[in-house]
Amino acid sequence: EPAVPWPLTMTKAELAATAALVDLILPADGQAPSASQVGVPAFINEWVSAPYPDQQEQRALIIPGLAWLDKEASKRGGQAFAQLRVDDQKKIADDIAFKDKVKPGFEKPAKFFARMRALTMGAYYTTPEGWKVIGYPGNTPVSSGPYPGPTPEALEHIKGVIEGKGLKFTLPENGPL
């Protein structure tokens with residue numbers, strides 16, 4: 001149980017809206033649990049509660065964004081976002097989720113959604129459950145022989161990134177890394 005060195009500040013309503021939204025972004029699928037099932041709302045609560053400038057700047061986007069979700073849900077469905085049927089939640093999210101299809105006047109909520117999507121993905125895929133979804137074995141030791149180095153596909157990707165920045169890519173003389 002990790003300890004958070006600062007008070008968590010999100011309200012129950014904000015956490016409920018967060019759980020509903022992150023589960024729209026990454027719902028349970030087959031054997032993969034939903035974002036809320038792996039603790040993404042707790043991660044976001046810690047994130048926006050952190051006393052650091054970057055997180056406080058993002059808090060100024062996220063907390064009003066959650067309030068907007070509830071206000072929009074109330075306007076459309078007469079209840080908080082978390083209490084709406086998933087289909088109705090999706091209709092609200094569809095107005096802000098796709099960069100080239102943002103409903104006019106919803107630019108700020110769209111920025112909020114983009115940030116929430118990034119936080120959700122980052123939080124989810126750094127959990128053991130998220131690792132399993134993408135087939136990442138975690139930090140596992142090589143048990144036999146010397147480290148084999150990155151795969152040819154990984155090396156090709158690294159080469160493309162480095163050369164794309166105008167730098168020269170070369171491997172050491174004694175093998176791949």
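Okay, so let's go over this structure. (Residues numbered from 1 in each chain as written. Predicted model: local features only at pLDDT ≥ 70, side-chain atom pairs only at ≥ 80, totals over all residues. Heavy atoms only, no water.)

**Some details on the overall build of the chain**
Then comes step 1: The secondary structure content of the chain amounts to 7 helices and 0 strands.
Then comes step 2: Along the chain direction, N to C, the helices and strands of the chain fall in the order α-α-α-α-α-α-α.
Then comes step 3: Dimensions of the chain, computed from the C-alpha atoms along their principal axes, are close to 65 × 40 × 40 Å.
Then comes step 4: Burial analysis of the chain (177 residues in total) assigns 34% to the buried set.
Then comes step 5: In the form shown here, the chain has an accessible surface area of approximately 11500 Å², with 57% of it arising from carbon and sulfur atoms. (Helix = DSSP H or I, 4+ residues; strand = E, 2+ residues; numbered from the N terminus. Buried < 20%, exposed > 50% of the residue type's maximum accessible area, 1.4 Å probe, protein only. Areas by Shrake-Rupley, 256 points an atom, 1.4 Å probe, with all protein chains shown as cover.)

**So, the layout of surface pockets**
Then comes step 1: Of the voids in this model, the largest pocket is the one considered here, and its volume is about 170 Å³.
Then comes step 2: Lining the largest pocket are L24, I25, K90, A93, D94, A97, F98, F113 and R117.
Then comes step 3: Elements with a minimum of two residues in the lining of the largest pocket: α1 (12–25), α4 (86–97) and α5 (107–124).
Then comes step 4: Looking at the lining of the largest pocket, the element that brings in the most residues is α4, giving 4 residues.
Then comes step 5: The class makeup of the residues in the lining of the largest pocket is 6 nonpolar, no polar and 3 charged. (1 Å grid on protein atoms, 1.4 Å probe; cavity = no way out; pocket = protein on both sides within 12 Å on 5 of 7 lines; lining within 4 Å. Points joined across faces, edges and corners; volume = space filled by probe spheres on them. Nonpolar A, V, L, I, M, F, W, Y, C, P; charged D, E, K, R; others polar.)

**Section: the nonpolar core**
Then comes step 1: Membership of the largest hydrophobic core comes to 35 residues, with the highest contact counts inside it found for L66 and L69.
Then comes step 2: At the level of secondary structure, the elements contributing two or more residues to this core comprise α1, α2 (40–49), α3 (53–77), α4 and α5. (Core = buried A, V, L, I, M, F, W, Y, C linked by side-chain atoms within 4.5 Å.)

**Thoughts on the pattern of salt bridges**
Then comes step 1: The full count for this structure, using the stated rule, is 5 salt bridges.
Then comes step 2: K91 is the partner of D88 in a salt bridge, and the nearest nitrogen-oxygen pair spans 3.9 Å. In this pair, D88 and K91 are both assigned in helix α4, 3 residues apart and thus about one turn of the helix distant.
Then comes step 3: Since its relative accessible area comes to 24%, D88 is described here as partly exposed.
Then comes step 4: Each of E72, K75, R76 and D95 takes part in a single network of salt bridges with overlapping partners. (Salt bridge = Lys/Arg side-chain N within 4 Å of Asp/Glu carboxyl O.)

**Topic: a nonpolar patch on the surface**
Then comes step 1: Together, V133, I134 and Y136 line one region of the surface with nonpolar side chains, adding up to about 270 Å² of accessible area.
Then comes step 2: Mapped onto the elements of the fold, V133 is located in helix α6 (residues 128–134).
Then comes step 3: What makes V133 partly exposed here is its relative accessible area of 41%. (Patch = residues over 30% accessible without salt bridge, like charges linked within 9 Å, V, L, I, M, F, W, Y side chains within 5 Å.)

So yeah, pure geometry; function would need other evidence.
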